Every structure is written in structure tokens, then in C-alpha cells.
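Spelled out, the chains give:
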Amino acid sequence: MSAAYTAEATATGSGRGGHTRSSDGVLDLELSVPRELGGAGGAGTNPEQLFAAGYAACFHSALQLVARQEKEDIEGSSVTADVGIGPDGNGGYQLSVTLRVGLPGFGEARALELARGADRVCPYSNAIRGNVDIELSAE
């Protein structure tokens, strides 16, 4: 693959409790370990929130692409990504993802059909398929 764009970010400090910054400085964030993972919590973000934000935005773009191809107007649509993390049973951790697609005015069946189309073209979905459980739902 020849990359059309490459994002670069560097993490420093204590990993999940440190700092992350993109090479262009647009993203410049403190990180906090959530209480649920044994941390103190705090005002910083965490890798799961960052992944959820990126995945939701990318999937929403894929949904818009599929809708345009199928001549559907999805004005007012949304995608919410829930990213979970937990033990994998082998001493490591694994992720789970639920993508909730909001398509006002669409029935659940048609909304899920468009969501499945987006899942086929979304680079995030393609990157994690087979490694992370992805659940799609329509609201």
C-alpha cells in the first residue's frame, strides 16, 4: 500500500498516564489511567477514548460514502463508538467495539444495511477485523 497520508504521534512520560502529541502539534494531550483500570482517573484522556473518537469519525465518513453511492440522504446522522478493554485470558488485554449508527428517519433494517456497507469500506474496521469483536447497532 502506498500511504496517501501518514499521521505521527509520540507518547512520553508514564505511558497511559503520560502525554501524547502529534507531530504537527494539533493533538497535544495529557493521559490518565481510568479508575476502572486501576488508575487515579483524572482530567486526561486515554488510548481507548482516542481510538473511539478516531473510529467514530472514520466510520461516519465511510457511512456517508456508502449513502452517497446508494443515493441516500443521511443528513443528521451520527456514529458513536464504544471501545472496551479487558483481560484476554492469556495475561494480555483485548479490545471490543460497539458502533451505534444514528440514522433518523431510517428503519432499523435499512440503517443496519448501510452500516454493514460502511463496515466493509472503513479502514479502521478493515484493520481490526478478525482481531477485535465489532458489534453494529442502529438507533
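Residues numbered from 1 in each chain as written. Predicted model: local features only at pLDDT ≥ 70, side-chain atom pairs only at ≥ 80, totals over all residues. Heavy atoms only, no water.

Q: What's the story with the layout of surface pockets in this structure? I'm lost.
A: Computed from the structure, the largest pocket encloses a volume of approximately 350 Å³. If you go around the largest pocket, the residues you meet are Y5, T6, A7, E8, A9, S22, S23, D24, L27, L50 and Y124. The residue inventory of the lining of the largest pocket, partitioned by class, reads six nonpolar, three polar and two charged. (1 Å grid on protein atoms, 1.4 Å probe; cavity = no way out; pocket = protein on both sides within 12 Å on 5 of 7 lines; lining within 4 Å. Points joined across faces, edges and corners; volume = space filled by probe spheres on them. Nonpolar A, V, L, I, M, F, W, Y, C, P; charged D, E, K, R; others polar.)

Q: Help me understand helix α2 (residues 108-121), please; the structure alone is not making it clear to me.
A: An α-helix turns once every 3.6 residues. As a result, residues three or four positions apart point the same way. Given a rise of 1.5 Å per residue, 14 residues ought to cover 20 Å, and the 20 Å separating the end C-alpha atoms of α2 matches this to within 8%. Within the span of α2, buried status applies to A111, L112, L114, A115, G117, A118 and D119. The inward-facing, buried residues of α2 contact α1 (47-69), β5 (93-102), α3 (123-128) and β6 (133-138). (Helix = DSSP H or I, 4+ residues; strand = E, 2+ residues; numbered from the N terminus. Expected span 1.5 Å × (residues − 1). Buried < 20%, exposed > 50% of the residue type's maximum accessible area, 1.4 Å probe, protein only. Contact = heavy atoms within 4.5 Å.)

Q: Please explain the sheet that holds β6 as it appears in this structure.
A: In a beta sheet, neighbouring strands are held together by backbone hydrogen bonds and run either parallel or antiparallel to one another. Strand order across the open sheet formed by three strands is β4-β5-β6, with mixed pairing between neighbours. Taken across any chain shown, the strands that pair with only one partner, and hence form the sheet edges, are β4 (78-87) and β6. The sheet shows a mean angle of 15° between the axes of neighbouring strands, direction not considered. Pairing of β4 with β5, which is carried by 10 bridges, proceeds in the antiparallel orientation. Opposite G84, over in β5, you have S96 as the bridge partner. (Pairing = 2+ DSSP bridges. Axes fitted to C-alpha atoms, helices over the stretch in contact; angles between N-to-C directions.)

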